[in-house]
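Residue-level listing of the chains:
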Amino acid sequence: MSLINIRRDVQDSFYRYKMPKLQSKFEGKGNGKKTVIPNMIEISQALSRPPSYPTKYFGTVLGAQVQIEEKNDRYIVNGAHEAAKLQDILDGFIEKFVLCGSCKSPETDLIIKDSIIIKNCMACGKRTDVDMRHRLSTYILKNPPPKNKKAGQHAAPDPTTGAGIIESRNGSDDDDEFANQLAEDAAKLNIADEDSDKWDIDADISEEAVARRQRALAGGFNGVDGNDEESDGPYDQLGDFISTGENLTDKEIFNKAKDLGLSKKHRALIVIVQCLFKEKDILSQITNHAQLLISFGNSEKHQKAILGSFEKLVSEIFPSLLPKTGHIFKALYENDIIEEDAFLAWNEKPSKKYTTRENSKKVHEAAARFIQWIREAEEEDSDEDSDEDSE
Ligand SMILES: [Zn+2]
């Protein structure tokens, strides 16, 4: 199966959202000619939409009749249409009915509210509108997305292709409800965000200044030993590299850490989280840098270091992110950076290692709803056979 980026305008082979390349098969003759899309199910799963939606979309764009035979898994467009052409048309469907209107993440669900279709983004928390004049919108209103999708239970993604990540968000009803609650929290927060430019009060707003400020606030890297007075240890060098670098790629950061002998050190993650992550669009940053965080290893120690660093990030460095803690943790979970067990262990044993006791308490409170959700998810999981690979 050949996988392509869901957003084909993104060239990056590390882009995490993949889908199978569309296949087409011709059947029939003359006026009865038709095009079968044998892998429509797989494509629609990757896009987290019912297979009837993209099929119907082809029909509306091509002005062709479609046949949707869900029982037989047959998705057919009348007439002969090359796979490449359908793939191009699919781009339009993805743009209009999948990608978040704000951050362009494909991690969205469709919600219907008062006869309006909304894309609810898991990555940035924003809700954006779908063009209600489009003929497919009418179809979606008549055939709303199924409520109860019991599909993937956080399927382990293939680390090389990223396939499977999308499936992991087809949760249960609880999951949807939880996502809705979080989105509501986020919606409130977004309004507040626009008003509060507290970082700009006395600041030069250059990226570099923000980064320096972030590091100064971080007060050194809690949890990193042997980093007291000396400021030229490998961890500081890594921190300086990230804070002062411009448009660094994850690869450049990882290579620097490697040169400094830190490529397997969980403490390097503390430096990375505190220096790399910015206040704005934190959720998409997590998705974008997931591969980097995972590259250092995923032992208990590694996960603890990441979680602790985020604890500091949302309580001390960017306190405005505190109400978003549930979202942030969910993003860490869905990008396979932190596993259930690590969250539960973190919840059981609050630590002062990364931030003050008071701050830690605030973060635990902010994360309570998420922890509850993860606990329920794990209970469900334990009924099933899970054999995830652990490296
Ligand atoms: Zn978004």
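In what follows, the accompanying structure is described. Along each chain, numbering runs from 1 in the same order as the chain's sequence is written. Since the coordinates come from a predicted model, pLDDT governs what is reported: local features require at least 70, and pairs of side-chain atoms require 80 or more to be given and counted, while whole-chain, interface and lining totals use all residues. The side-chain numbers reported here are obtained from all heavy atoms of the structure, hydrogens and water having been left aside.

Attention now moves to the overall build of the protein chain. Helix and strand assignments follow DSSP, with helices taken as H or I runs no shorter than four residues and strands as E runs no shorter than two, numbered in order from the N terminus. Looking only at helices and strands, one finds 15 helices and 9 strands in the protein chain. Burial classification: accessible surface area is computed with a 1.4 Å probe over protein chains only, and a residue below 20% of its type maximum counts as buried, one above 50% as exposed, and the rest as partly exposed. The proportion of buried residues among the 391 residues of the protein chain is 48%. Should any heavy atoms of two residues lie within 4.5 Å, those residues are counted as being in contact. Sequence-distant contacts, at least 24 apart, represent 64% of the contacts inside the protein chain between residues at least 6 apart. Using the Shrake-Rupley algorithm and a 1.4 Å probe, accessible areas are obtained, with residue cover drawn only from the displayed protein chains. When the accessible surface of the protein chain is summed, it comes to about 19,700 Å², and 47% of that surface belongs to carbon and sulfur atoms.

Turning our eyes to something else, we now look at the sheet that holds strand S7 (residues 108-113). Across the sheet, which stays open at both edges, the 3 strands sit in the order S7-S8-S9 with antiparallel pairing between neighbours. Both edges of this open sheet fall to S7 and strand S9 (127-129), since each of them pairs with a single strand only. In this sheet, neighbouring strand axes are inclined to one another by 35° on average, regardless of whether the strands run parallel or antiparallel. Paired strands, in this sense, are two strands between which DSSP finds at least two bridges. In this structure, strand S8 (residues 116-121) lies alongside S9, joined through 3 bridges in antiparallel fashion. Among the inter-strand pairings, asparagine 120 is bridged to a residue of S9, identified as arginine 127. Lines fitted to C-alpha atoms define the axes here, with helix axes fitted over just the stretch in contact, and angles between the N-to-C directions of these axes take values from 0 to 180 degrees.

When a carboxyl oxygen of Asp or Glu is within 4 Å of a side-chain nitrogen of Lys or Arg, the pair counts as a salt bridge. By the definition in use, this model includes 10 salt bridges. Here aspartate 9 makes a salt bridge to arginine 7, at a shortest N to O gap of 2.8 Å. On the basis of relative accessible area, aspartate 9 is assigned to the exposed category, the value being 54%. Between arginine 74 and glutamate 69 there is a salt bridge, with the nearest N and O atoms lying 3.9 Å from each other. Several salt bridges converge on common partners, so that one network encompasses Arg8, Asp88 and Asp91.

Okay, the nonpolar core next. Formed by 48 residues in total, the largest nonpolar core has its most connected members in Phe310, Ile328, Phe329, Leu332 and Phe343. Elements that contribute at least two residues to this core include exactly helix H7 (234-244), helix H8 (250-259), helix H9 (266-276), helix H10 (282-295), helix H11 (300-317), helix H12 (325-334), helix H13 (340-348) and helix H15 (368-382). For phenylalanine 329, the contacting residues outside a window of four places in its chain are Leu307, Phe343, Trp346, Val363, Ala367 and Phe370. The next biggest cluster of nonpolar side chains, apart from the first, holds 32 residues, and it includes Ile4, Leu22, Met40 and Tyr53. In these notes, a set of buried Ala, Val, Leu, Ile, Met, Phe, Trp, Tyr and Cys residues joined through side-chain atoms within 4.5 Å is what counts as a nonpolar core.

With that settled, consider the coordination of the zinc ion. Shown as donors are all N, O and S atoms within 2.8 Å of a metal ion, widened to 3.2 Å for Na, K and Ca; because water is not in the atom set, sites may appear incomplete. In this structure, Cys100 (SG), Cys103 (SG), Cys121 (SG) and Cys124 (SG) serve as the protein donors to the zinc ion, at separations of 2.3 Å. Tetrahedral means four donors with every angle between 85 and 135 degrees, whereas square planar (four donors) and octahedral (six donors) require angles over 155 degrees between opposite donors and between 65 and 115 for all others; sites fitting neither are termed irregular. Seen from the zinc ion, its 4 donor atoms lie at angles of 106 to 113°, and the figure they make is tetrahedral. Mapped onto the sequence, the donors of the zinc ion take the spacing C-x2-C-x17-C-x2-C. You can see cysteine 103 sitting in the loop between helix H3 (83-97) and S7 and its partner cysteine 124 sitting in the loop between S8 and S9, a full 21 residues away along the chain. Among the residues examined, cysteine 103 registers a relative accessible area of 23% and is labelled partly exposed. For cysteine 124, a relative accessible area of 8% translates into the label buried.

What follows covers unusual backbone geometry. Residues other than glycine seldom take positive phi values, yet lysine 104 does so here, at roughly 70°. For lysine 104, a relative accessible area of 29% puts it in the partly exposed group. Of note in the backbone geometry, aspartate 281 takes a positive phi value of approximately 55° without being a glycine. With respect to the helices, strands and loops of the structure, aspartate 281 is situated in the loop between H9 and H10. The partly exposed category is assigned to aspartate 281, whose relative accessible area is 40%.

A word on a positive patch on the surface. Each patch groups residues whose relative accessible area exceeds 30% and which form no salt bridge, using 9 Å between like charges and 5 Å between nonpolar side chains of Val, Leu, Ile, Met, Phe, Trp and Tyr. Neither His nor the chain ends contribute to the count of charged residues, in which Lys and Arg are positive and Asp and Glu negative. Charge coordinates come from a single atom per side chain, which is NZ of Lys, CZ of Arg, CG of Asp or CD of Glu. Taken together, the side chains of Lys265, Lys301, Lys304, Lys349 and Lys353 make up a positively charged region of the molecular surface. As for its placement among the helices and strands, lysine 301 is situated in helix H11.

Between H7 and H9, whose axes approach to 9 Å, the crossing angle comes to 25°. Classed by the angle they form, the pair H7 and H9 counts as roughly parallel. Like other packed secondary-structure pairs, H7 and H9 cross with a definite hand, here right-handed. Where H7 abuts H9, its residues Tyr235, Leu238, Gly239, Ile242 and Ser243 lie against Arg267, Ala268, Val271, Ile272, Cys275 and Leu276. For this scheme, ten residues count as nonpolar: Ala, Val, Leu, Ile, Met, Phe, Trp, Tyr, Cys and Pro. Four count as charged, namely Asp, Glu, Lys and Arg, and the remainder, Gly too, count as polar. Among the residues forming the contact of H7 with H9, the class breakdown is 8 nonpolar, 2 polar and 1 charged. Roughly parallel refers to an angle under 35 degrees, roughly antiparallel to one over 145, roughly perpendicular to one between 65 and 115, and oblique to any angle outside these ranges. Crossing handedness is defined as follows: a turn of the near helix away from the far one that is anticlockwise and smaller than a right angle gives a left-handed crossing, while the clockwise case is right-handed.

Here we take up H9. The element H9 is extensively covered by neighbouring structure, given that 10 of its 11 residues are classed as buried. Buried residues of H9: His266, Ala268, Leu269, Ile270, Val271, Ile272, Val273, Gln274, Cys275 and Leu276, and no others.

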